[in-house]
Amino acid sequence: MIAIVDYDVGNLKNVYTALGDVGLSGTITRDKKILDAADAIILPGVGAFSDAMDNLRKFDLIDTLNDNVQKGKILMGICLGMQLLFDKSYEDGEFSGLSYIPGEIIKFDAPGIKIPHMGWNNLVINRDSPLVKNIGTEDYVYFVHSYYAKPNNFDDVVAYAEYSVKVPAIVQKDNVIGMQFHPEKSSNVGFQLLTNFKEMIS
Amino acid sequence: MLTKRIIPCLDVDHGRVVKGKKFQDIQDVADPVELGRYYSDQGADELVFYDITASYEDRDIFIHIVEKVAEAIRIPFTIGGGISKVEDFRKVLMAGADKVSVNSSAVKNPQLIREAALRFGAQCVVLSIDAKRNNQGSWDVYVKGGRENTGIDAIEWAKQGQDLGAGEICINSIDTDGVKKGYDLELNRKLSSLLTIPIIASGGAGKMEDFAEVLKVGADAALAASVFHYKEIPIVDLKNFLHNQQIPVRRV
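So, a few notes on the structure that sits alongside this text.

Reading the values: rules and limits
- Residues numbered from 1 in each chain as written.
- Chains lettered and ligands numbered in written order.
- Predicted model: local features only at pLDDT ≥ 70, side-chain atom pairs only at ≥ 80, totals over all residues.
- Pairing = 2+ DSSP bridges.
- Helix = DSSP H or I, 4+ residues; strand = E, 2+ residues; numbered from the N terminus.
- Contact = placed C-beta atoms within 7 Å.
- Nonpolar A, V, L, I, M, F, W, Y, C, P; charged D, E, K, R; others polar.
- Buried ≥ 20, exposed ≤ 12 C-beta atoms within 10 Å, placed from the backbone.
- Arc of directions from axis to C-beta.

**Regarding the sheet that holds strand β6 (residues 95–96) of chain A**
Residue and element names in this part refer to chain A.
- Judged by pairing direction, the sheet is mixed, and its 4 strands sit side by side in the order β6-β5-β7-β11 without closing on themselves. The sheet terminates laterally at β6 and β11 (147–151), the two strands that pair on one side only.
- Pairing analysis gives 5 bridges linking strand β7 (residues 101–107) to β11, with the strands arranged antiparallel. If you follow Gly103 over to β11, its bridge partner there is Pro151.

**Focus: the environment of Asp60 of chain B**
- Its place among the elements puts Asp60 of chain B in helix α2 (residues 59–72).
- For the pair Asp60 of chain B and Ile200 of chain B, spaced 140 residues apart in sequence, the C-alpha to C-alpha distance is 28 Å.

**So, the environment of Lys73 of chain A**
Residue and element names in this part refer to chain A.
- One can find Lys73 in the loop between α4 (62–70) and β4 (74–78).
- Sequence spacing of Lys73 and Leu43 is 30 residues, and the spatial spacing of their C-alpha atoms is 13 Å.
- Apart from the residues lying within four places of it in its own chain, the contact partners of Lys73 are Ala40, Ile41, Asn68 and Asn175.

**Observations concerning the interface of chain A and chain B**
- In this assembly, 27 residues from chain A lie in contact with 26 residues from chain B.
- In terms of residue count, strand β8 (residues 117–122) of chain A provides more of the side of chain A that touches chain B than any other element does, 6 residues in total.
- Counted by class, the side of chain A that touches chain B contains 11 nonpolar, 11 polar and 5 charged residues.

**Section: helix α8 (residues 208–216) of chain B**
Residues and elements named next belong to chain B.
- Those residues of α8 that sit buried are Asp210, Phe211, Val214 and Leu215. The buried residues of α8 occupy one face: seen down the axis, they fall within an arc of 125 degrees.
- Considering only its buried residues, α8 is in contact with α7 (185–194), β11 (199–202), β12 (221–224) and α10 (235–244).
- Where α8 terminates, the next one or two residues include Gly218, which has phi positive at roughly 125 degrees.

Encoded structure:
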């Protein structure tokens, strides 16, 4: 069972449905016992960084996430959920994150590019990981974000997308994984990535 | 590399897809879920479902369709039509939509854009503008399905929408809509150079070259309906054509 963390950050059903596509059973929950019992945890999220962190605090979920990550359980953040895995974000201020992966979240600022970074962008593999099995540079995934991760160590980046800079698309540090794009909205490529995720946890 | 998007638009009335020509002569075409899945398999990058149902009671039918679409397809989709409050945003987003498009209601109450962007994120707020050329060399914003001229300058309104927090602008040219002689290139060129958020061109697609032209002048996405619904342009062929024109597209 995969716990999908329910902390009032939009619709989580699409993630749940896409997990079902690859034969994973998801549970949308903020119950600590279920999070502790889960085979892996998914942290989804859309919206603002500070609101999302406030909600994790409000529902008293941070200690539970920390404990599970320390135990070695796989935690995967999606979109804003991935950004929360880093030390801090400069989205409308300066806010601390969960600090599982060293680095910061900053805004796109290259002249002439459209923001949000919205649409289908291909993945460039930066390093080997079971997460990108059968994934190549002709594979496109769906992004929508105005801020991006700047990891201290670029080796934590498994795959990136070119959009004025190398935008970390899939990050991984030990058992903590992040996807900046939406695998649940990325058609067949999303299906392959979630299949890879499934193989990692089984 | 970020690709240009091709977006079929499905007008839905009483649970069925229809397409108007110049906003009239509506003709029944297909089941929204089936058609959505078909386009997704063909390589559509996103879908727009536009609720043209007049009566309030029928809104629940539409919400049910949003849920069914979210279960059936794995590409992003936008919902428009009849959205006038923040609560309407919440309903369709919770039903599984990725973005919500507002038109007349945002003209009436521009703060709706800001409130929705703050609550749900700018990424899900699409400001849709029906624009028509006037005789002063600019474009006026029309509301109520293109029937009423507000006298507001369309480019100024688009800029204001961006400042209020819209994540994207969908610009529908009333002059070219349903005529199939190409998008309004001048309008799309102007908007793309003035705004920093993505632009979706709408209204006028008749042949594959029309898509190439509007994407070359700066539009980030091109929306069309009848050329897809009547199978005049298969999306697979369109993507190959655009690729050969050196326009970055995602091909399936």
